[in-house]
Amino acid sequence: MGASLEKRIERLTRREEETYRSRTRASLEKYTRLSRRMPEGVNYRIRRLRPHPLYIAEARDVRVRDVDGNWYVDYWMGHGAHIMGHTPRWLGEVVGEVYSRGYHFGYPSSLLEDYVDAILRAYPSMDAVKLTNTGTDANNAVMRAVRAYTGREKIVKMKGGWHGGSEALIVDVHPPYRGVETAGTVDCCVSSTITVEYNDLEALERALKEHRPAAVIMEPVLGAGGAIGPRPGYLREVRRLTEEHGVLLVFDEVITGFRLAPGGAVEFYGVEPDLVILGKIVGGGSPSAGAVLGKWEYMKCFDTGSWSGTPCFVGGTFSGNNLTLALGREMITRLLGMRGEYERAREVWREFAREAERTCGEETPCHVTGDSLLVGLHFTRRRPWNPTEAHELRWSREFNYLHHLYQRNRGALYLTEDTAHFLPSLLHSREHARLIVSNLEELLGELVRS
Ligand SMILES: Cc1ncc(COP(=O)(O)O)c(C=O)c1O
């Protein structure tokens, strides 16, 4: 694509920024005030949209309203936590019930057993569960477990893989992969992390041979790395290779759990890892969500009774609180009975893929990636199979931002600005998916005409 295309993108971007500023004045005022007291004016960097973030005042079903009164169809859904919409009626009822009995005791709750049973019904190949408050905590706990079990230190992760802000795993997250992506870490945690390209079995095999790691910790479908799914047979081969080399396999299903299917990637792809990490949906929409699941053999390091050495630590003030237990159990139980709804929702997004790719055409191509209800939209020359390709094959450096702005100004909201990720709920309809396609069609029409 020539320079003139970048120029046209730039012109349209300036115009859309003007429109955005005039639609979102109250958000801008909030941002200006808040930035003086909170670095970046938002709590999580990926939420700091350009030219200024939106502040959301209300959410209902699949829509959110900003402080200026603009409503958006939401495709981000509480950062992927709300697979049944923002405000299912049962959620309010359960919150009310829990509140009347006390929402956090600080003692083992009578609800603990039902919650654990619900999780293990969704993941029948796993034996045991430990709860955390976040997906990041669950990754930390898993690292302790695999190191304690194997007596080895190294961990293999995927380039572009995101496992939260954990010291050892916030490494090679964004191309061009310059190692650790935060200041303030100490070498002990980071230097034992080895990264390989997703969907590349040779690179994985080399790493397993060379480093003999404790485990491979990977998202079965990369989330933050671009909603990129496995090539056919890839996960099965990862399983075979890890077994062959005596390395544990951990699926970080913080995004994919209950999203690809009620039993996550394990059910969807039929591949069994040794341990699974859950977050987001497992909390049933509550703000405390995280779990480690595994075969008893690997989980027993959390058990002072059956572990001979120093046990692995997991826990925290709000872990196992009643709100999470009650909402999570309700959510999982409902989802297990909704396989038909999952299939209907998958068809919505398969149709979206066909329509979006047809709309983009040959001059400004796009590729829809991911599986089931984890959907990526890449403006790349060909289909990317890893985050490096997603980055390098882009036909424009700035189009993603323009596309995000354009959708935002026309009532469609998602993250991230850099790569379009959609984490739709089971409630999203064909019309909701079509809104993105029709906005995209309008944008590409303008780009070609301008
Ligand atoms: C795959 C994956 N793992 C771990 C995390 C971290 O979870 P949390 O933000 O709950 O700490 C995330 C968060 O988005 C994630 O996507």
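Residues numbered from 1 in each chain as written. Predicted model: local features only at pLDDT ≥ 70, side-chain atom pairs only at ≥ 80, totals over all residues.

When helices and strands are counted, the chain shows 16 helices and 14 strands. Relative to the globule expectation of 22 Å for 450 residues, the C-alpha radius of gyration of the chain, 22 Å, shows essentially globular dimensions. Based on the C-alpha atoms only, the size of the chain along its principal axes is roughly 70 × 55 × 45 Å. For the chain, buried positions account for 50% of its 450 residues. (Helix = DSSP H or I, 4+ residues; strand = E, 2+ residues; numbered from the N terminus. Rg over C-alpha atoms; globule rule 2.2 N^0.38 Å. Buried ≥ 20, exposed ≤ 12 C-beta atoms within 10 Å, placed from the backbone.)

For the ligand, the set of nearby residues contains 14 residues, the closest of which are Thr134, Gly135, Thr136, Gly164 and Val254. Ranked by the residues each element gives to the shell around the ligand, the list is headed by helix H6 (residues 135–150), at three residues. Looking at the shell around the ligand, its residues break down into four nonpolar, eight polar and two charged. (Near = placed C-beta within 6 Å. Nonpolar A, V, L, I, M, F, W, Y, C, P; charged D, E, K, R; others polar.)

Glancing now at the sheet that holds strand E14 (residues 420–422). Ordered in space as E11-E12-E14, the three strands form an open sheet in which the pairing is antiparallel. Across the chains shown, the open sheet's two edge strands, defined by having one partner strand only, are strand E11 (367–371) and E14. The sheet shows a mean angle of 20° between the axes of neighbouring strands, direction not considered. (Pairing = 2+ DSSP bridges. Axes fitted to C-alpha atoms, helices over the stretch in contact; angles between N-to-C directions.)

A word on the packing of helix H13 (residues 339–360) against helix H16 (residues 430–449). Taken N-terminus to C-terminus, the directions of H13 and H16 make an angle of 10°; their axes are 10 Å apart at the nearest point. Taken together, the axes of H13 and H16 are roughly parallel relative to one another. Facing H13, whose interface residues are Val348, Trp349, Glu351, Phe352, Glu355, Ala356, Thr359 and Cys360, H16 presents Arg430, Ala433, Val437, Leu440, Glu441 and Leu444. For the contact of H13 with H16, the per-class residue count stands at nine nonpolar, one polar and four charged. (Parallel < 35°, antiparallel > 145°, perpendicular 65-115°, else oblique. Contact = placed C-beta atoms within 7 Å.)

All right, on to H13 then. Counted at 1.5 Å a residue, the expected span for H13 with its 22 residues is 32 Å, and the 32 Å between its end C-alpha atoms agrees. Where H13 is buried, its residues contact E11, strand E12 (374–378) and H16. Once H13 finishes, glycine 361 follows within two positions and takes phi at roughly 70°, a positive value. (Expected span 1.5 Å × (residues − 1).)

As assigned here, the chain comprises domain 1 (3–75 + 340–449) and domain 2 (90–336). Each of domain 1 and domain 2 was reduced to a C-alpha centroid, and the two centroids are 28 Å apart. Every contact between the two is made by 19 residues of domain 1 and, on the other side, 21 residues of domain 2. Residue classes in the side of domain 1 that touches domain 2 are distributed as eight nonpolar, ten polar and one charged. (Domains from an automatic or database assignment.)

Attention shifts here to the nonpolar core. Of all hydrophobic cores here, the largest spans 129 residues; its most connected members are Ile119, Val142, Ala145, Ala215, Val250, Val292 and Leu293. Among all residues touching alanine 145, those that are not within four sequence positions of it are Leu275, Val292, Tyr298, Met299, Cys301, Phe302 and Cys312. (Core = buried A, V, L, I, M, F, W, Y, C linked by C-beta atoms within 7 Å.)

Of note, arginine 60 is situated in strand E1 (residues 56–60). In the structure, arginine 60 is positioned 266 residues away from alanine 326 in sequence and 21 Å away in space, judged by C-alpha atoms. What arginine 60 contacts, discounting residues up to four positions off in sequence, is His86 and Thr87.

Turning our eyes to something else, we now look at the environment of phenylalanine 268. Looking at the element boundaries, phenylalanine 268 is found in helix H10 (residues 264–269). In the structure, phenylalanine 268 is positioned 104 residues away from serine 372 in sequence and 8.8 Å away in space, judged by C-alpha atoms. If near-sequence neighbours (up to four positions away) are discounted, phenylalanine 268 is found in contact with Leu260, Ala261, Asp371 and Ser372.

For the rest of this paragraph, the subject is the pairing of E11. Counting buried positions along E11 gives five out of five residues, so the element sits mostly inside the fold. Of the two faces of E11, the one carrying His367, Thr369 and Asp371 and the one carrying Val368 and Gly370 are both buried. Pairing geometry for E11 and E12, over five bridges, is antiparallel. What sits directly across from glycine 370, in E12, is valine 375. Joining the antiparallel neighbours E11 and E12 is a turn of two residues, in which serine 372 adopts a positive phi near 55°.

In spatial order, the strands read E1-E2-E3-E13; together these four strands make up an open sheet with mixed pairing. A strand with exactly one partner marks an edge of an open sheet, and here the two such strands are E1 and strand E13 (412–413). Pairing between E1 and strand E2 (residues 63–66): four bridges, direction antiparallel. Residue pairing across strands places arginine 60 opposite arginine 63, the latter belonging to E2.

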